[in-house]
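Chains, contacts and geometry: an overview
What follows is the residue order along each chain.
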Amino acid sequence: MDPSFSLRQAQPEDGPDFSELFLISAPFFVELFKDDTKRVLKNLFVSPRNLFSFQHVCFAEIDGQIAGMILSYSWETHRKEYLRTGHLFFRVLGFKMLRIFRVLLRLNAELCKLAESDYYISNLAVYPRFRGIGIGRLLMEKAEEDAKKIGSRRLVLEVEESNTIALSLYRKLGFEVVEKFQTKLSKDHSLNFCRMIKPLV
Ligand SMILES: CC(C)(COP(=O)(O)OP(=O)(O)OC[C@H]1O[C@@H](n2cnc3c(N)ncnc32)[C@H](O)[C@@H]1OP(=O)(O)O)[C@@H](O)C(=O)NCCC(=O)NCCS
């Protein structure tokens with residue numbers, strides 16, 4: 001590892017970098033939340049005990065500058081924080097949530113299907129100027145280390161089928177595609193995902 005790389009736990013004041021990197025990894029969020037996207041992400045990020053909280057985010061830095069991030073958590077965290085996450089969405093969006101409620105339910109049913117002892121990689125992104133120098137790999141290795149520390153048995157993630165760069169990274173790290181599925185965001189926009197798994201021994 002290059003000595004100038006470092007990893008650190010996110011803090012509530014890292015909201016702007018979190019939002020930017022999150023949307024690099026999941027641009028479809030803008031289509032769902034439209035003008036409220038940044039507000040939703042900011043509010044959830046600063047709040048503890050939800051699936052978008054700073055508590056689950058790790059940043060990679062180069063010479064003190066944020067270069068990339070990973071958002072990941074265990075199946076148990078998902079089980080405990082899922083309802084509160086929905087509640088926070090509602091608190092931020094109010095009745096605007098009704099417009100996207102069905103899509104959110106569908107996404108929730110199709111993404112993040114975890115079994116006991118799974119560890120979920122929710123989002124990974126590196127700013128374009130810092131790509132290709134090992135930061136994505138470093139962040140994934142950190143998540144794997146965290147997963148092993150708590151006794152997780154598998155790493156699980158979903159990636160868009162068209163994202164060949166991320167697929168190549170995950171394959172190199174030992175992930176295999178176990179399922180392909182499509183999810184509908186709107187009348188004319190569907191996303192094609194691969195579910196990938198890496199057993200941890
Ligand atoms: C995917 C992403 C996180 C990779 O981050 P990165 O720091 O550039 O990756 P690394 O430098 O650690 O490279 C690791 C592996 O990724 C693959 N990779 C990286 N850049 C690549 C490129 N331009 N072309 C093909 N493969 C590439 C390679 O397999 C590489 O392994 P190698 O170095 O042994 O060749 C980054 O491209 C990114 O942020 N993309 C946009 C967001 C995204 O797609 N996130 C994943 C959503 S599931």
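Check the entry above for the structure.
Here is a short report on the structure shown in this document. Model, not experiment: these values are computed from the prediction.

Cut-offs and rules
Along each chain, residues carry numbers from 1 onward, in the same order as the chain's sequence is written. Note on the predicted model: pLDDT of at least 70 is required for a residue's local features to be given, and 80 or more for side-chain atom pairs to be given and counted; whole-chain, interface and lining totals, by contrast, use all residues. Side-chain measures here rest on the full set of heavy atoms in the structure, leaving out hydrogens and waters. Strands pair, by our definition, only if DSSP identifies at least two bridges between them. Secondary structure follows DSSP: runs of H or I at least 4 residues long count as helices, runs of E at least 2 residues long count as strands, and numbering of each begins at the N terminus. Axes here refer to lines fitted to C-alpha atoms; in helices the fit is confined to the stretch in contact. Angles between the N-to-C directions go from 0 to 180 degrees. A simple rule labels every residue: compare its accessible area, found with a 1.4 Å probe on the protein chains alone, to the largest value its type can have, and call it buried under 20%, exposed over 50%, or partly exposed in between. Throughout, disulfides are identified as pairs of cysteine sulfur atoms within 2.5 Å of each other. For this description, a residue counts as near a given molecule or strand if any of its non-hydrogen atoms is within 4 Å of it. Polar contacts, as counted here, are pairs of nitrogen or oxygen atoms within 3.5 Å of one another; within protein the pair requires one atom able to donate a hydrogen and one able to accept it, and residues that are adjacent in sequence qualify only if both atoms are side-chain atoms. We get accessible surface area from the Shrake-Rupley algorithm with a probe of 1.4 Å; when it comes to residues, only the shown protein chains can shield them. Just so you know the grouping, Ala, Val, Leu, Ile, Met, Phe, Trp, Tyr, Cys and Pro go in nonpolar, Asp, Glu, Lys and Arg go in charged, and all remaining residues, Gly too, go in polar. Stacked, tilted and edge-to-face are the three classes assigned to paired rings of Phe, Tyr and Trp, where Trp is represented by its six-membered ring and a pair needs centres within 6.5 Å; plane angles under 30 degrees give stacked, over 60 edge-to-face, the rest tilted. Charges are assigned to positions over rings by a cutoff of 6 Å between ring centre and Lys NZ or Arg CZ, combined with an angular limit of 35 degrees from the ring normal.

Another point: the sheet that holds strand β4 (residues 118-126). Read across the open sheet, the seven strands follow the order β1-β2-β3-β4-β5-β7-β6; overall the sheet is mixed. Two strands lie at the open edges of the sheet, namely β1 (5-9) and β6 (176-186), each paired on one side alone. Ignoring strand direction, the axes of neighbouring strands in this sheet form an average angle of 25 degrees. Direction of pairing for strand β2 (residues 57-62) relative to strand β3 (residues 65-74): antiparallel, over a ladder of six bridges. Paired with C58 across the bridge in β3 is I70.

This paragraph deals with the pairing of β2. With six of six residues buried, β2 is to be regarded as a mostly interior element. With burial as the criterion, each face of β2 is covered, one bearing V57, F59 and E61 and the other bearing C58, A60 and I62. Of the pairings in the sheet, the one linking β1 to β2 comprises five bridges and is antiparallel in character. Bridge pairing in β2 links S6 to E61. Hairpin connection, β2 to β3: the antiparallel pair is bridged by two residues, and D63 has positive phi, about 50 degrees.

Once that is clear, we can look at the state of the cysteines. Applying the stated criterion across every chain yields a total of zero disulfides. The thiol of C58 is not disulfide-bonded; the next cysteine sulfur, from C112, is found 19 Å away. Note on C194: no disulfide assigned, nearest cysteine sulfur contributed by C112 at a separation of 17 Å.

Around the ligand sit 21 residues in total, of which L124, G134, G136, N163 and S168 are the nearest. Side-chain polar atom of R131 to an oxygen atom of the ligand: 3.4 Å apart, as the coordinates give it. Starting from 920 Å² of accessible surface for the ligand in isolation, the protein chains cover 73%. Only α1 (15-25), β4, α6 (135-149), β5 (154-160) and α7 (164-172) provide two or more residues apiece to the shell around the ligand. Examining the composition of the shell around the ligand, we find that six residues originate from one element, α7, more than from any other. Its residues assigned to classes, the shell around the ligand comprises 11 nonpolar, six polar and four charged.

Moving on, we come to unusual backbone geometry. The phi torsion at K34 lies on the positive side, around 50 degrees, for a residue other than glycine. Tracing the sequence through the fold places K34 in the loop between α2 (28-33) and α3 (37-46). One non-glycine residue with positive phi stands out, namely S117, at about 75 degrees. Mapped onto the elements, S117 comes out in the loop between α5 (97-110) and β4.

Taken as a whole, this structure holds 15 aromatic pairs when the rule is applied. With a centroid separation of 5.7 Å and an interplanar angle of 70 degrees, the aromatic rings of F52 and F89 are classed as edge-to-face. Separated by 37 residues along the polypeptide, F52 in the loop between α3 and β2 and F89 in helix α4 (residues 75-93) bring together distant segments of the chain. We classify F52 as buried; its relative accessible area is 12%. A ring pair is formed by F90 and F95, whose centres lie 5.7 Å apart and whose planes are at 85 degrees; its orientation type is edge-to-face. Since its relative accessible area comes to 38%, F90 is described here as partly exposed. Linked through ring pairs, F18, F22, F28, F29, F33, F45, F52, F54, F89, F181 and F193 together constitute an aromatic cluster. Residue placement shows R129 over the ring face of Y127; its charged tip is 5.3 Å from the ring centre.

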